[in-house]
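This is what each chain is made of:
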Amino acid sequence: MKAFGAFWYDFVVGDDWLMAAGIVASLMITAIAVRVADLLAWWIVPVAIVILLPVSLWRAVKADRAAED
């Protein structure tokens, strides 16, 4: 059971917990926007990905360069 949980944690979160948390937050915001305001909110998740992906890559490159020094 522990190995199963570790697999799913590694699969979903991977190396960047901030990216996973951002995607979960964007899914929650989308769900709330659809339920509460009855908006057509499909565009929130792609926008979040477009914003979060460069941030994640920037953080990874920054950490790699710091490890080289």
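Whatever comes next refers back to the structure up there.
Residues numbered from 1 in each chain as written. Predicted model: local features only at pLDDT ≥ 70, side-chain atom pairs only at ≥ 80, totals over all residues. Heavy atoms only, no water.

**A few points about helix H3 (residues 44-68)**
Applied cut-off: Each helix is a run of DSSP H or I of at least 4 residues and each strand a run of E of at least 2, with the numbering of both proceeding from the N terminus. A helix is expected to span 1.5 Å multiplied by its residue count minus one. When a residue's accessible area, from a 1.4 Å probe over protein chains only, is under 20% of the maximum for its type it is buried; when over 50% it is exposed; and in between it is partly exposed. Throughout, a contact is declared for two residues whenever any of their heavy atoms are within 4.5 Å.
Helix length check: H3 (25 residues) gives 36 Å between terminal C-alpha atoms against 36 Å at 1.5 Å per residue, within 8%. Of all the residues in H3, the buried ones are Ile-44, Val-45, Ala-48, Leu-52 and Ser-56. Each element contacted by the buried residues of H3 is listed here: helix H2 (17-37).

**What about the packing of H2 against H3?**
The packing of two helices is summarised by the inter-axis angle and the distance between the axes. Put simply, the test is: Under this scheme, a helix contributes an axis fitted over its contacting stretch, all axes are lines through C-alpha atoms, and angles between N-to-C directions fall in the 0 to 180 degree range. An angle counts as roughly parallel when it lies under 35 degrees, as roughly antiparallel when it exceeds 145, as roughly perpendicular when it falls between 65 and 115, and as oblique in every other case. In this scheme the crossing of two helices becomes right-handed for a clockwise turn of the near helix relative to the far one and left-handed for an anticlockwise turn of less than a right angle.
Put simply, H2 and H3 touch, their axes get as near as 10 Å, and they point 165 degrees apart. Here H3 runs roughly antiparallel to H2, going by the angle between their axes. Here H2 runs over H3; the crossing is right-handed. Of the residues in H3, those in contact with Leu-18, Met-19, Gly-22, Ile-23, Ser-26, Leu-27, Ile-29, Thr-30 and Ala-33 of H2 are Ile-44, Val-45, Ala-48, Ile-49, Leu-52, Leu-53, Ser-56 and Arg-59.

**Section: the side chain of Ser-56**
Examined against the element boundaries, Ser-56 turns out to sit in helix H3. For Ser-56, a relative accessible area of 17% translates into the label buried. In this structure Ser-56 touches Asp-16 and Met-19, once residues within four positions along its chain are discounted.

The values reported here are purely geometric and, on their own, carry no functional implication.
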